[in-house]
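A look at the structure
Listed below are the residues making up each chain.
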Amino acid sequence: MALGQAETGLQQLRYENSDLTVDLAVGLWAWPMPMDYDDDGDFDLLVSCPDVPSNGTYLFENPGGFGAMPVFMPGVRLGKGHRSIRVSRVSRKDRILIPAREFVDFRKKGFTDSVSIFPKENIHSKNIRNNQWSLLDYDGDKRIDLVIGVGDWTEYGWDNAYNARGEWLNGPLHGYVYWLRNTGSNAKPVYSPKQFVVADGSPVDVYGLPTPNFADFDADGDLDLVCGEFLDRLTYFQNAGSRTEPSYLAGQRLRHAEGELKMDLQMILPSAIDWDGDGDVDLIVGQEDGRVAFVEHTGRLVDGVPLFAAPKFFQQKAVGVKFGALSTPVAVDWDGDGDADIVSGNTAGYIGFFENLGGGARPRWATGRLLKADGEVIRIQAGENGSIQGPCEAKWGYTTLSVADWDHDGLSDILVNSIWGEVLWYRNVGSRTQPRLTVAGPVEVAWLSSPPKPKWCWWNPRGDQLVSQWRTTPVAVDFTGDGLNDLVMLDYEGYLSLFERRRARGKLELLPPRRLFVDEDNQPIQLNPGFAGKSGRRKIAVADWDGDGRLDVLVDSINADWWRNCETRDGKIVLKRVGPLGQRNLSSHSTSPCVVDWDGNGKPDLLLGAEDGFFYHLPHEEAIAYPASAKIARPARKSK
């Protein structure tokens, strides 16, 4: 089955563009295993993906041509996806391991059944988040040893550990590497107690997720070590000893000709192989958004450290439309040509534009383009202290957005929330058919007192800035019907609220939030009562789903829940959670709903972004049909 394909229910949006090539990708998090899978003389890519919608281990076949950068065939699912899965090359044979187990004869048997190779999965003294096993003759004695990389988050904790200056008070992530010497034989291995791999007198320790790769990177006949990390950099440990008695120097960051080598995103997973067949060891690197890059060894050493080229992302024939991970699409005619395009955010903090090239109910799509503001690519990132979950999320942005004419000048602008929880707007100063965005400014509120903020937010709003919960959608929509775009979103405590717009003294003004939306018992709707890292995250859309003239709210769920606008009671909008619109479960983190009418029948269809970054489409007629009784709000129960 092709990547993301389902027989029924919500369907993955397709490019419908046979000539197009796009970045090769699985869903959320690519665990690459380069090998000649089909034994035709060139390297293919096996990539495992552990997410919910696209879970699987996929084969991207190399059809040949184009040297080191072929255009791969679309991914074909071979079996279940796994975390901490790695390929080892032992005596010219590919062997695939997960913690303490091996997939024997995986080309025939797939990735469901595995055999035990060790009695204990976690050899570390503490709980771990990453547990990466591989096979290697570490000490050159012709016997195959075990090498295990572990990611230890014990000192880091999880969230809410900043002081008032934005300094992280918990410890760092740790990424250790162990080896277990085989004192038996290769046919019947016996492993001695674990030992740390040591560099410069101390255990190798990188910033989580070590993914150890032992190879002769400097071509001196012994095995050096390259490790990844939870963030975006690679560390090189030179073996200053020998093949039989390794002795590793302190780690140094890998570089390319222009500076330090950094991947575009984080959660990087390198796999060492001479990909281009030129005699030196390259790196194939997966990252969080499902893409896989070729990082070429240039054959040069600089101060004893191998020099690599900048990462190049592999390409494949286009099938499913995807924008990174946790995509947050909005359907809008961005380029003013009369059809609905897609503008979307993602985990990396970008905002992308997918042009609808025509085709009516089944549009043909151009590859996504990153939007710019004042000529610079828009990218919102947490940096050292922008994520409540700490500095290990530095490369993430989690952009979620809406598109509307915010300043009422006739042009569509972009409102965006992110990992920071501050709501910004990018003003369109171009034209209807050639939009041009300026650098973002804050969305401001006519607060009656000091601007509120979530209690765990270490920094204070600037001026009248709107600060809400992180990663939740700011929906610009004329909810009151007065011709001015209001704002519907979660407030700083997670309640669904209306920020009403008005004109005052000739200027547009955004009023403080009202908890206008209540449930059937007339209680304000708190879509997320969670604290710190568990807060926010909710993705919403506002649309008249059932055509009754009242604006409903669609909320992330297993796909999207319909909260029907049933009536107005005492000046409050009663929303009833009717249920999900589709059958298929697309959610682990969150989905992100919007509506679109590509078939032009006047009924809103559902368009979703999912954890895997792909877009999913559900025609209105194929949504779950609920009985009338499920759509009517009951009378409020009397409070006890």
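Just so we're clear, the structure is a prediction, and the values are computed from it rather than from any experiment.

1. As for the overall build of the chain
- Across its full length, the chain carries one helix and 54 strands.
- Taken over C-alpha atoms, the radius of gyration comes to 26 Å for the chain, in line with the 26 Å a tight globule of 640 residues would show.
- Each of the three principal axes of the chain carries a C-alpha extent, and together these read 80 × 55 × 55 Å.
- For the chain, the residues scored as buried account for 58% of the 640 residues in total.
- Counting only contacts in the chain whose residues sit at least 6 apart along the sequence, the fraction spanning at least 24 positions is 53%.
- For the chain, the exposed area adds up to about 25,500 Å²; of that, 48% sits on carbon and sulfur atoms.
- Considering the chain, the positive charge centre built from 69 side chains and the negative charge centre built from 89 side chains are found 6 Å apart.

2. Some details on the pattern of salt bridges
- Under the definition given, this model contains 34 salt bridges.
- Residues Asp333 and Arg432 are paired through a salt bridge, measuring 3.8 Å at the closest nitrogen-oxygen approach. With a gap of 99 residues between them, Asp333 in the loop between strand E32 (328-332) and strand E33 (341-345) and Arg432 in the loop between strand E40 (424-426) and strand E41 (441-442) connect regions that are remote in the sequence.
- For Arg432, a relative accessible area of 36% translates into the label partly exposed.
- Salt-bridge contacts for Arg569 lead to Glu567; the nearest nitrogen and oxygen are separated by 3.4 Å.
- Since its relative accessible area comes to 27%, Glu567 is described here as partly exposed.

3. Section: the sheet that holds strand E27 (residues 292-295)
- What the four strands build is an open sheet, ordered E25-E26-E27-E30; its pairing is antiparallel. Each end of this open sheet is capped by a strand with a single partner; those strands are strand E25 (269-273) and strand E30 (312-313).
- Here four bridges tie strand E26 (residues 282-286) to E27, and the two strands are oriented antiparallel to one another. Residue pairing for E27: Leu283 is matched across the bridge by Val295.

4. Some points on the domain arrangement of the chain
- Domain parsing of the chain yields domain 1 (21-317) and domain 2 (328-630).
- The gap between the C-alpha centroids of domain 1 and domain 2 is 37 Å.
- Contacts between the two partners involve 30 residues from domain 1, matched on the other side by 35 residues from domain 2.
- Across the domain 1/domain 2 interface, buried area totals approximately 2,400 Å², and carbon plus sulfur atoms make up 56% of it.
- It is Pro53, Asn160 and Tyr162 in domain 1 that bury the most area against domain 2; as a group they hold 24% of the surface buried on that side.

5. Quick notes on the side chain of Asp280
- If you trace the backbone, Asp280 turns up in the loop between E25 and E26.
- Despite its burial, Asp280 pairs with no opposite charge; the closest candidate is Arg300, at 10 Å N-O.
- Among the polar contacts listed, one links the side chain of Asp280 to the backbone nitrogen of Gly299, at a separation of 3.4 Å.
- If we ignore the near neighbours within four places in the chain, the residues touching Asp280 are Asp274, His297, Thr298 and Gly299.

6. Quick word on the packing of aromatic side chains
- Under the definition given, this model contains 32 aromatic pairs.
- Note on Phe72 and Phe314: the rings are 5.5 Å apart at their centroids and 85° apart in plane angle, and the pair reads as edge-to-face. Here Phe72 is found in strand E6 (residues 71-72), whereas its partner Phe314 is found in the loop between E30 and strand E31 (315-317), with 242 residues between them in sequence.
- Aromatic pair Phe214 and Tyr248: ring centres 6.1 Å apart, planes at 65°, arrangement edge-to-face. Here Phe214 is found in strand E19 (residues 213-215), whereas its partner Tyr248 is found in the loop between strand E21 (235-237) and strand E22 (252-253), with 34 residues between them in sequence.
- Taking the relative accessible area as the measure of exposure, Phe214 reaches 12% and is therefore buried.
- Three or more aromatic residues joined by ring pairs make a cluster, and in this case those are Trp153, Tyr156, Trp158, Tyr162, Trp168, Phe230, Trp396, Tyr398, Trp458 and Trp470.
- Above the face of the Trp153 ring, Arg129 is positioned so that its terminal group lies 3.9 Å from the ring centre.
- Sitting over the face of the ring of Phe313, Arg291 holds its NZ or CZ atom 3.9 Å from the ring centroid.

7. What about the side chain of Asn182?
- Here Asn182 shows up in the loop between strand E14 (174-180) and strand E15 (195-196).
- Using a relative accessible area of 1% as the deciding quantity, one classes Asn182 as buried.
- Engagement of the side chain of Asn182 in a polar contact is seen with the backbone nitrogen of Gly184, the distance being 2.9 Å.
- With near-sequence residues (within four places) excluded, Asn182 lies in contact with Asp141, Arg143, Ile144, Asp145, Pro189, Val190 and Tyr191.

8. Digging into the pairing of E33
- Counting buried residues along E33, five of its five residues qualify, which places the element largely inside the surrounding structure.
- Of the two faces of E33, the one lined by Asp341, Val343 and Gly345 and the one lined by Ile342 and Ser344 are each fully buried.
- As paired elements, E33 and strand E34 (residues 351-354) share four bridges and run antiparallel to each other. For Gly345, the partnering residue across the bridge sits in E34 and is Ile351.
- Linkage of E33 to E34, two consecutive antiparallel strands, is achieved through a turn of five residues, within which Gly349 is found at a positive phi near 90°.

9. Some details on unusual backbone geometry
- In this structure, Asp105 is a non-glycine residue whose phi angle is positive, near 55°.
- Residue placement: Asp105 occurs in the loop between strand E10 (101-103) and helix H1 (106-109).
- Given the relative accessible area of 38%, Asp105 is considered partly exposed.
- With a phi angle near 45°, Leu326 is a residue other than glycine that sits in the positive phi range.
- On the secondary structure map, Leu326 appears in the loop between E31 and E32.
- The buried category is assigned to Leu326, whose relative accessible area is 7%.

10. Side note on the nonpolar core
- Leu46, Ile96 and Leu607 are the most contacted members of the largest nonpolar core, which has 58 residues in total.
- Take this core: its biggest share by element is three residues, from strand E3 (residues 31-35).
- Each of domain 1 (21-317) and domain 2 (328-630) gives at least three residues to this core.
- Excluding anything up to four places from it in sequence, Leu46 contacts Trp31, Pro32, Met33, Met35, Tyr37, Thr57, Tyr58, Leu59, Leu78, Ile96, Phe106 and Phe111.

11. Focus on the sheet that holds E10
- With antiparallel pairing, four strands are arranged side by side in an open sheet as E8-E9-E10-E11. If you trace the sheet from one side to the other, it starts and ends with strand E8 (86-90) and strand E11 (115-116), each paired once.

12. Overview of the environment of Asp222
- Here Asp222 shows up in the loop between E19 and strand E20 (224-227).
- Residue Asp222 is classed as buried on the basis of its relative accessible area of 3%.
- Separated by 23 residues in sequence, Asp222 and Glu245 place their C-alpha atoms 9.2 Å apart.
- Those residues in contact with Asp222, other than ones at most four positions away along the chain, are Ala215, Asp216, Asn239, Gly241, Ser242 and Arg243.

Each value, and the rule that gives it
Each chain carries its own residue numbering, running from 1 in the direction its sequence is written. Per-residue local features are limited, in this predicted model, to residues with pLDDT of at least 70; the limit for side-chain atom pairs, both in listing and counting, is 80 or more; totals at the level of whole chains, interfaces and linings are taken over all residues. Excluding hydrogens and water, the side-chain figures rest on all heavy atoms present in the structure. A run of H or I in DSSP becomes a helix once it reaches four residues, and a run of E becomes a strand once it reaches two; helices and strands are each numbered from the N terminus. Radius of gyration: over C-alpha atoms. The globule rule applied is 2.2 Å multiplied by the number of residues raised to the 0.38 power. Exposure is judged per residue with a 1.4 Å probe applied to protein chains only, and the accessible area is read against the type maximum: over 50% gives exposed, under 20% gives buried, and values in between give partly exposed. A contact between two residues is defined here by any heavy atoms of the two lying within 4.5 Å. Here the open area of atoms and residues is found with the Shrake-Rupley method and a 1.4 Å probe, where only the protein chains shown may cover a residue. His is not counted here, nor are the chain ends, while Lys and Arg score as positive and Asp and Glu score as negative. Lysine's charge is taken at NZ, arginine's at CZ, aspartate's at CG and glutamate's at CD. Any carboxyl oxygen of Asp or Glu within 4 Å of a side-chain nitrogen of Lys or Arg constitutes a salt bridge here. DSSP calls a pair of strands paired once it identifies at least 2 bridges connecting them. Note that domain bounds follow an automatic or database assignment of domains. Accessible surface is computed with a 1.4 Å probe, and the buried area is the amount of it that two parts give up when combined, taken over both parts together. Counting of polar contacts relies on pairs of N or O atoms within 3.5 Å, with two restrictions inside protein: one atom must be capable of donating a hydrogen and the other of accepting it, and residues adjacent in sequence are counted only when both atoms are side-chain atoms. What counts as a ring pair is set by centres within 6.5 Å for rings of Phe, Tyr and Trp (its six-membered ring), and what kind of pair is set by the plane angle: stacked under 30 degrees, edge-to-face over 60, tilted for all other angles. Criterion for a charge above a ring: Lys NZ or Arg CZ within 6 Å of the ring centre, and within 35 degrees of the ring normal. In plain words, nonpolar cores are sets of buried Ala, Val, Leu, Ile, Met, Phe, Trp, Tyr and Cys residues tied together by side-chain atoms within 4.5 Å.

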